[in-house]
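# What the coordinates show
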Protein chains: 2
Amino acid sequence: MQRISTTDADFQAIFERLIDRDAPGLAEIDTRVSQIIADVRQRGDAAVLEYTRTLDRRPEADQAALEVSQADMQAALDGLATEDRAALEAAAERIADYARSQKLVDHSYEDDHGNRLGQVVRPIERAGVYAPGGKAAYPSSVLMNTVPAKVAGVSEIIMVSPTPDGLRNPWVLAAAAVAGVDRLFTIGGAQAVAALAYGTETIPEVDKIVGPGNAYVASAKRQVFGRVGIESVAGPSEVLIIADGTGEPEWTALDLFAQAEHDEMARAMVVSPDADFLDRVAAAVEAMIETQPRADIIRASLSGQGALIATRDMAECVALSNRIAPEHLELAVDAPWALVEDIVHAGAIFCGHRTPEAFGDYCAGPNHVLPTGRTARFSSALGVYDFQKRISVVEASADGAAHLAPIASRLARGEGLFAHAASAEARARDS
Amino acid sequence: MQRISTTDADFQAIFERLIDRDAPGLAEIDTRVSQIIADVRQRGDAAVLEYTRTLDRRPEADQAALEVSQADMQAALDGLATEDRAALEAAAERIADYARSQKLVDHSYEDDHGNRLGQVVRPIERAGVYAPGGKAAYPSSVLMNTVPAKVAGVSEIIMVSPTPDGLRNPWVLAAAAVAGVDRLFTIGGAQAVAALAYGTETIPEVDKIVGPGNAYVASAKRQVFGRVGIESVAGPSEVLIIADGTGEPEWTALDLFAQAEHDEMARAMVVSPDADFLDRVAAAVEAMIETQPRADIIRASLSGQGALIATRDMAECVALSNRIAPEHLELAVDAPWALVEDIVHAGAIFCGHRTPEAFGDYCAGPNHVLPTGRTARFSSALGVYDFQKRISVVEASADGAAHLAPIASRLARGEGLFAHAASAEARARDS
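Residues numbered from 1 in each chain as written. Chains lettered and ligands numbered in written order. Predicted model: local features only at pLDDT ≥ 70, side-chain atom pairs only at ≥ 80, totals over all residues. Heavy atoms only, no water.

The transformation that overlays chain B on chain A combines an axial shift of 0.0 Å with a rotation of 180 degrees, and the residual RMSD is 0.0 Å. Such a combination of turn and shift is consistent with a two-fold rotation axis. Proximity to the rotation axis, assessed at the C-alpha, singles out Arg222(B) in chain B; its C-alpha lies 4.5 Å from the axis. A shared interface surface links the copies, since 100% of the contact residues of chain B are contact residues in chain A too. (Least-squares fit on C-alpha atoms with pLDDT ≥ 70 in both. Contact = heavy atoms within 4.5 Å.)

What follows is the structure, encoded as structure tokens:
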């Protein structure tokens, strides 16, 4: 794991390389995905079935085999160990509580001229949720992408999740049951995204597609954006831990492992003005890494993208954090709230020694779908608001119309749009 | 202008063609834009200058010539007629008032275990605003894209607006002054979007780019999305007017003209159960169209995409509207609020006979940047919230950590993520 310091002569260059998130060109994937989308759009189910038979190795797949029944989802939930089911339900309830706290509502006000101005809020009608299948199947991801949609009041949630070799993951089915998924199809990849965007004989067309996936899924989401909504295109996951040296080095090491075990491209960093603490973290990493079931992935990730960065002071930690705009930010410090006010870019902040990112990944309540790769500069966690739309509403009073008409007319004439001016002026006259 | 009825035998087919918004493939534009972006990214100012000299016919352009000073913006504002300046300032103030009413704020709550959960809200740091230049220069668009950013607290607003042949539009400069634009560069097209996304020696890199533009600008925004945020990719503008027959046919005709005069691709439709009212609208259109300064554009737009649709009843009007998901929806009826509750998709609703879309285009307050082409199914008006980010914040108490740890651990083990489990479990133990 890389050890650097902000006082190193070449720090800026090393740091820039560390935070450079530009993915290499994926032109080949884009081209292939674009063909798949066109194919699904044109041939519908026939194309989806072909890709599913080949890519997911399911030669038996027909249209009926694509859908999982509500009974099968419920059976998967009933089949879980009692404590596992309780954990799933507790997490769903906490995610729903948090979503309810953020729900957008109608509001309006009257201006001085009696005009009413405001917004009415409507849920998206039909949402599509992509959940990876096979080995990397994440029930937590099903909950995080689905529960806010449910709280928003989405009428119908269509989930897709591939089952390579026909193997269904019981956790994923159980999570779909807990979340209240309306229909679940065992398809994946770009063909599943295309089917949700354009609809087929079997798969309903949706209004927005959310959920993580591989490079093909990401490319497909990007390509259908505009036809349907998407929440974001996620890159590798990341954590930055700001440590003041008051914490347990072993806890910090475990948090690095938790991030690094996702995959080889995951990114985990610690910044601290306490070089001695960083030494102890490095020692804890060394001491504990071999006991980790996913040690190989952790080692690859930490050696590739990990870093322990010594800073001059806490202010420099915050400044570096704001340049990184991390997806996850742990404030492993005694007085976290004093730092929160200076944080301008982050997906989610985990405050204090007792709040590891893992709580947020599963059950604290806030969503684990967060902006990666410095996109926290301009975007936010997935939330109930991603499944709601604001419709502006204006109602002019007679007095208000008389006030607004000359303003609109002046500006319209300035733009050379004379019918706009006439349309506005007419409302200031008696009818 | 097309006259159809929901009772026509072929109504569904005609209606589907009317609302089909799929743009023809723009692969050539995408390829050209992708080259421009790569070029600007690599060569910076040199590339931007080259494109500006050629495409905007400004052989004299050098780096200094790209920027408009604050003094020049202020001079443009001072140069406007008193009433024009007052209109611009009144519109800006109303847009700001509305934006303030929608501003996101911090909030948090404590759960039963003493965990604190919530969000802190931060403005985007640097926003880029694209404003078309040349003949189709819209000061209202400058206000609509910039004022909400200002209200959000964006630190720096960088505006770009091309000046073909070096001609500066005084209205656009004046609007930039009113809105408080920090820096204004006279560049446009894909090269301007690329410069804002990647930065050059002269043009600062921004976090989000908003604002309308031609097909090259739209393609560029789509291609840099992810590197920076974008608000949306706008298609042709549209209005749907639901009329119960109680209004003035001449007002409805003017509202159709106002929409149609934008460009040949603009789309204006009326739906009404009152066939006689539709006849009177058609007659008013015929009677008044020749007097319109932009009659040619209006005629092309109305004959190409306009329609007067007779329905069985008002409920059918609402149902058609929800299928269209119009950018602008006028409720030209006596009791608009009774209909509002049934509207599920629209960008903005204009209630009652005295509220033409033109009020919303300029000065009512709500934004005129609205979802087009059925994207109101999943997206909303541009607003102050587009320039704000929500950062989730979690702080676990000791008791709360003891409650969350076993839930997180169960789920993590279900996903095979053992370091996540260990990281969570550690927080339930004494340190």
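This part covers the pattern of salt bridges. Under the definition given, this model contains 54 salt bridges over all chains. The closest approach of N and O atoms between Asp39(B) and Arg43(B), which form a salt bridge, is 2.8 Å. Note that Asp39(B) and Arg43(B) are positioned in helix α2 (residues 27-43) at a spacing of 4 residues, about one turn of the helix. With its nearest N and O atoms 3.9 Å apart, the salt bridge here joins Glu261(B) to Arg294(B). Of this pair, Glu261(B) sits in the loop between α10 (249-260) and β11 (267-272) while Arg294(B) is found in the loop between α11 (275-289) and α12 (295-305), placing the two residues 33 residues apart along the sequence. Residue Arg294(B) is classed as partly exposed on the basis of its relative accessible area of 22%. The network of salt bridges with common partners includes Asp39(A), Arg43(A) and Glu50(A). (Salt bridge = Lys/Arg side-chain N within 4 Å of Asp/Glu carboxyl O. Helix = DSSP H or I, 4+ residues; strand = E, 2+ residues; numbered from the N terminus. Buried < 20%, exposed > 50% of the residue type's maximum accessible area, 1.4 Å probe, protein only.)

Right, let's get into the sheet that holds β11(B). Across the sheet, which stays open at both edges, the 9 strands sit in the order β3(A)-β4(A)-β15(A)-β14(B)-β13(B)-β10(B)-β11(B)-β12(B)-β1(B) with mixed pairing between neighbours. Each edge of the open sheet is held by one strand with a lone partner, namely β3 (107-110) of chain A together with β1 (2-5) of chain B. Averaged over all pairs of adjacent strands, the angle between their axes in this sheet comes to 20 degrees, without regard to strand direction. Where strand β15 (residues 388-395) of chain A meets strand β14 (residues 348-351) of chain B, 4 bridges bridge the pair, whose relative direction is parallel. Bridge pairing in β14(B) links Val393(A) to Ile349(B). Across the sheet, helix α1 (residues 11-19) of chain B is in contact with β1, β11 and β12 (307-310) of chain B; its angle to β1(B) comes to roughly 135 degrees. Running at roughly 170 degrees to strand β10 (residues 238-243) of chain B, helix α13 (residues 314-324) of chain B makes contact with β10, β11, β12 and β13 (328-332) of chain B of the sheet. (Pairing = 2+ DSSP bridges. Axes fitted to C-alpha atoms, helices over the stretch in contact; angles between N-to-C directions.)

Turning next to the packing of aromatic side chains. Enumeration according to the criterion identifies 5 aromatic pairs over all chains in this entry. Measuring from centroid to centroid gives 5.4 Å for Phe11(A) and Phe15(A), while their planes differ by 25 degrees, and the two rings are stacked. Of this pair, Phe11(A) and Phe15(A) both sit in helix α1 (residues 11-19), 4 residues apart, which is roughly one turn of the helix. Sitting above the plane of the Tyr385(A) ring, Arg390(B) keeps its charged end 3.5 Å from the centroid. (Phe/Tyr/Trp six-rings, centres within 6.5 Å; stacked < 30°, edge-to-face > 60°. Lys NZ or Arg CZ within 6 Å of the ring centre and 35° of its normal.)

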